[in-house]
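Tertiary structure, described
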Amino acid sequence: MRRPVIILNKERHSSRLEGFYRRGLNDRVEILADWAELSAAETALLAESIGAEQADAMIENAVGRFALPLGIGANFLINGRNYLVPMAVEEPSVVAAVSFGALLARAGGGFSAGSTQPVMIAQIQLLDVRDPSKAEKEILAASEQILACAETSPSLTRLGGGPQGLEVRHLPDTPAGPMLVVHILIDCRDAMGANAANTAAEAVAPLLERVTGGRAGLRILSNLSDRRRAWAEVKIPASAFDGDEYPGRDVVHQIAEASAFAYADPYRAATHNKGIFNGVDAVLLATGNDWRAVEAGAHAWAARDGQYRALTSWRVQGAAGSELLHGRLEMPLAVGTVGGATRSHPSARVALKILGLDSGVNDGGDRGRPGSRGGEVALSYKGAAGKLSKIVAAVGLAQNLAALRALATTGIQKGHMRLHARQVAVSAGAQGKAVGVIAGTLVSEGNIRVERARELLRSTGN
Ligand code: MEV
């Protein structure tokens, strides 16, 4: 028989789960299963993931499966809706930090987020084009025929997607001579779109050769999916940052200084953005998305003006005494909720269900729980993949906020060490309750080393 569910908040479907982290794993699973209405089979998948047979079918030379912890980023309020965010990650402090970032954002009414339409770019490289300017005109004149040829997926067209336009780019001066590059812009709806873009690129290449008299080289999507972006913003009162040692006013100014540092210095920007990807990748991984594609696109986007810069910006607004910290993240986010591992990996399907994004394509449906504030950006793509991209953007912003707040105040080592101590205790062989006990001793002694953890374990007879 199911035990009665433990409600951690007054509002039943709020994502504000006070004390969630203090619960045991089984309680947490029960709370989550109730919140997201998971069946017993779906709940079991949280622990089981894929079988050996499925692993063998997924990749070549499979020899096993590699598991990571799956955690829940709590407290998220995005466009007025509550979300519990599944995150697969090995770094101890990531989930705690992002939940804290989301809690800070909640003090300012949560995140507002938006996205462009889900348009991917398919590239066709054309070489040996005798007169590139004339060829460009000929391509543009034939664009209707080219786009019709690129329409390779009737199901995508039925859903309102498919090729939307094309553009021609000139690379006059490469080591292999001048090149023309044709971009076919394809609305991929709720698919990540790599297959749709690659198929279209291969389909139109012979036609482009005929139109230009050139030779087609590569035919492949671009991972710099700058037509498919998502963004998230927050405005948080400085008072939300008030602490015993640091007044909130100082903290928000220090966060703005950290942001300026990451804008100006690529050495800092790389670390700043790595912190953003702590959260972003964890959600992408949990939902079966291609995190390498998103990383590649975002890093290229971060360097779009010629210098690698921060993906977020933080500014202090408002008069002294009523300051607001305004943060924004915008980046290319090519994510899908249909196709590939998003549907074939059972745990990814459960993760999408937890986010309320499992109900299929483009139905506008969303089980994100209604909160106090509505108002999605009008431009936003409202399909499930658009919603996922907005959630991911909010997670990236929350993760960055938590990191900057720690860096701008006590530093990150204090919090990290507490969590690191748990890993050290596990490495030394501690299990169950002993993990917390040993970790606590390591921290209080200021001696977080495996040898010490082993000594402590031996002294307790373990
Ligand atoms: C550590 O995984 C991430 C941070 O280094 C990010 C940052 O410095 O902004 C804490």
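Rules used in this analysis
Residues numbered from 1 in each chain as written. Predicted model: local features only at pLDDT ≥ 70, side-chain atom pairs only at ≥ 80, totals over all residues. Heavy atoms only, no water. Domains from an automatic or database assignment. Contact = heavy atoms within 4.5 Å. Buried area = accessible area lost by both parts, 1.4 Å probe. Helix = DSSP H or I, 4+ residues; strand = E, 2+ residues; numbered from the N terminus. Expected span 1.5 Å × (residues − 1). Bend = angle between axes of the 7 residues up to and from the residue. Buried < 20%, exposed > 50% of the residue type's maximum accessible area, 1.4 Å probe, protein only. Near = heavy atom within 4 Å. Polar contact = N/O pair within 3.5 Å; in protein donor to acceptor, adjacent residues only side chain to side chain. Nonpolar A, V, L, I, M, F, W, Y, C, P; charged D, E, K, R; others polar. Phe/Tyr/Trp six-rings, centres within 6.5 Å; stacked < 30°, edge-to-face > 60°. Lys NZ or Arg CZ within 6 Å of the ring centre and 35° of its normal. Salt bridge = Lys/Arg side-chain N within 4 Å of Asp/Glu carboxyl O.

What the domain assignment reports for the protein chain is domain 1 (20-115 + 230-411), domain 2 (119-222) and domain 3 (416-459). Summarising the inter-unit geometry, the C-alpha centres of domain 1 and domain 2 are found 33 Å apart. Taken together, the contact pairs 14 residues of domain 1 with six residues of domain 2. In this assembly, domain 1 packs against domain 2 so that about 750 Å² is buried in total across both faces, 59% of it on carbon and sulfur atoms.

The terminal C-alpha atoms of helix H8 (residues 194-212), which comprises 19 residues, lie 26 Å apart, in line with the 27 Å expected from a rise of 1.5 Å per residue. Ala-205 marks where H8 bends most, by close to 35°; the proline Pro-206 follows one to four residues later. Within the span of H8, buried status applies to Ala-197, Asn-198, Ala-200, Ala-201, Val-204, Ala-205, Leu-207, Leu-208, Val-211 and Thr-212. The elements touched by buried residues of H8 are strand E4 (119-127), helix H5 (132-141), helix H6 (143-150), strand E6 (179-187) and strand E7 (215-222).

This brings us to the site of the ligand. Surveying the vicinity of the ligand reveals the residues Glu-91, Arg-268, Thr-271, His-272, Lys-274, Gly-275, Asn-278, Ala-403, Leu-407 and Ile-412. One of the side-chain N or O atoms of Glu-91 is found 2.7 Å from an oxygen atom in the ligand. Of all the secondary-structure elements, those providing two or more residues to the shell around the ligand are helix H10 (266-286) and helix H14 (384-408). Here the element with the most residues in the shell around the ligand is H10; it accounts for six residues. Within the shell around the ligand, the residues separate by chemical class into three nonpolar, four polar and three charged.

Time to look at the packing of aromatic side chains. This structure, assessed with the given rule, holds one aromatic pair. Pairing Phe-76 with Phe-111 gives two aromatic rings, centres 5.7 Å apart and planes at 20°, and the pair type is stacked. You can see Phe-76 sitting in strand E1 (residues 70-78) and its partner Phe-111 sitting in the loop between helix H4 (94-106) and strand E3 (112-115), a full 35 residues away along the chain. We note that Phe-76, like Phe-111, is buried. The ring of Trp-291 carries the charged tip of Arg-292 above its face, separated from the ring centre by 4.2 Å. The ring of Tyr-263 carries the charged tip of Arg-309 above its face, separated from the ring centre by 4.1 Å.

The final tally for this structure, using the stated rule, is 16 salt bridges. Measuring nitrogen to oxygen at the nearest pair gives 2.9 Å for the salt bridge that ties Lys-353 to Glu-42. Of the two residues, Lys-353 is situated in helix H13 (residues 346-354) and Glu-42 in helix H2 (residues 40-48); the sequence distance between them amounts to 311 residues. Under the relative-accessibility criterion, Lys-353 is labelled buried at 14%. Between Glu-445 and Arg-452 there is a salt bridge whose closest N-O contact spans 2.7 Å. Glu-445 gets classed as partly exposed once you look at its relative accessible area, which sits at 37%.

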